[in-house]
Amino acid sequence: MSEKIKPIIEKSWGEILVDEFESNYFKQLKSFLIEEKAKYTIYPQGSQIFSAFNQTPFDKVKVVIIGQDPYHEENQANGLCFSVSDGIKKPPSLLNIFKELKTDLGYNIPENGNLEKWANQGVLLLNATLTVRAQHAGSHQNKGWETFTDAVIKVLSLKKEGLVFILWGNYAQAKQKLINTSIHFVLKAVHPSPLSAYNGFFGCKHFSKTNEILIKQGKQPIDWRLA
């Protein structure tokens, strides 16, 4: 396996997901990625494919936000769903997330769209598909990533308690079937895309609701401020 495709993942996640990495579907996925990388540019760069896991170790996870695909424009994707790399213009959905954050908690919209600060506090920013071909949205769907990330959601549901799963849009909400809702909390709203945000994303107050849930469990709330 090419070193450029070899998983670079935090130790606790590597141990928990070892069966996935050794599975036939993941070997096929690796072969696909090697072929893709030989022909095309792939985002995010190899060292950032597992950034969501590296920034948020398993024992630190308190909140899970589920996205669909990495951004496919140059320099945007950094391995965290909805997040962009430093100095990159905020995509419309991310800008709407920040607008709701301002309405909900009063925090100013940040200049930077990098969500690493959230990840470092225990917010797992998980895309269902972890890579994409440059300029081709959805190009790495149905190649094995969804099987892998579904396994991640299942193991979180099984091995942890009291997580807050934030599901924006129909795609993310379809993952609720993987979550034991008797021991975890699920917050749902439409996607923050400009096409749907005014139909129920704005006003969802998921940031304050998440912190209320965490505080009731005796957990440290998330400092959502980025500005």
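Residues numbered from 1 in each chain as written. Predicted model: local features only at pLDDT ≥ 70, side-chain atom pairs only at ≥ 80, totals over all residues. Heavy atoms only, no water.

A word on empty space enclosed by the protein
Rolled over the atoms, a probe sized like a water molecule indicates the empty space that remains. One pass over the full model with this rule turns up three cavities of 30 Å³ or more. Forming the boundary of the second largest cavity are I49, P70, G79, L80, N127, T129 and L130. Here the lining of the second largest cavity is composed, by residue class, of four nonpolar, three polar and no charged. (1 Å grid on protein atoms, 1.4 Å probe; cavity = no way out; pocket = protein on both sides within 12 Å on 5 of 7 lines; lining within 4 Å. Points joined across faces, edges and corners; volume = space filled by probe spheres on them. Nonpolar A, V, L, I, M, F, W, Y, C, P; charged D, E, K, R; others polar.)

Observations regarding the packing of aromatic side chains
In total, this model carries 22 aromatic pairs according to the counting rule given. A ring pair is formed by F26 and W145, whose centres lie 5.9 Å apart and whose planes are at 80 degrees; its orientation type is edge-to-face. Taken together, the residues F26 in helix α3 (residues 24–39) and W145 in helix α7 (residues 145–159) connect sequence positions 119 residues apart. Judged on exposure class, the residue F26 and its partner W145 are both buried. Arranged with centres 6.3 Å apart and planes meeting at 65 degrees, the rings of W168 and F207 form a pair that is edge-to-face. Placement of W168 in strand β5 (residues 164–168) and of F207 in helix α9 (residues 206–216) is noted, with a sequence separation of 39 residues between them. Residue classification places W168 among the buried positions, given a relative accessible area of 3%. Through successive ring pairs, a cluster of aromatic residues spans W13, F21, Y25, F26, F50, F53, F58, W145 and F148. In this structure, R133 packs its charged tip against the face of Y40, placed 3.8 Å from the ring centre. For K160, the ring lying beneath its charged end belongs to F58, and the centroid distance is 5.0 Å. (Phe/Tyr/Trp six-rings, centres within 6.5 Å; stacked < 30°, edge-to-face > 60°. Helix = DSSP H or I, 4+ residues; strand = E, 2+ residues; numbered from the N terminus. Buried < 20%, exposed > 50% of the residue type's maximum accessible area, 1.4 Å probe, protein only. Lys NZ or Arg CZ within 6 Å of the ring centre and 35° of its normal.)

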